[in-house]
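The chain contents come next:
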Amino acid sequence: MTAQAAYAHRPGEFASAAARLKMMNAVLAQNWWAVAIRGVAAILFGLIALALPGAAILGFTLLFAAYVLVDGIFAIVSAVRAARRHERWG
């Protein structure tokens, strides 16, 4: 099923939930290998985390620190933009 076939016949009308589900299933069926690679990677990372818990905790801590840093920067930029438009920025 193509993406266009999943949409209703009238312009501007979206597909039903069943049609969207069929379309998502078709995309997953075509890209099964990506789902399989993700699963294998998750298992490998889990085994590494069990074998080297110190390294896993350090890695998770660094990942969380990077996330918090980027999120903070985006929050400050968003607050400054909202203040310039005289909107609530808190």
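Residues numbered from 1 in each chain as written. Predicted model: local features only at pLDDT ≥ 70, side-chain atom pairs only at ≥ 80, totals over all residues. Heavy atoms only, no water.

Regarding the pattern of salt bridges
Consideration 1: For the structure on display, the rule yields one salt bridge.
Consideration 2: Residue Arg-85 is joined to Glu-87 by a salt bridge in which the shortest nitrogen-to-oxygen separation is 3.4 Å.
Consideration 3: Using a relative accessible area of 51% as the deciding quantity, one classes Arg-85 as exposed.
Consideration 4: A relative accessible area of 42% means that Glu-87 is categorised as partly exposed. (Salt bridge = Lys/Arg side-chain N within 4 Å of Asp/Glu carboxyl O. Buried < 20%, exposed > 50% of the residue type's maximum accessible area, 1.4 Å probe, protein only.)

Observations concerning the confidence of the model for the chain
Consideration 1: Per-residue pLDDT for the chain has a mean of 85; in total, 84% of the residues score no lower than 70.
Consideration 2: Of all secondary-structure elements in the chain, the lowest mean pLDDT belongs to helix 1 (residues 17-30), at 89, while helix 3 (residues 53-84) reaches the highest, 94. (pLDDT = per-residue confidence, 0-100. Helix = DSSP H or I, 4+ residues; strand = E, 2+ residues; numbered from the N terminus.)

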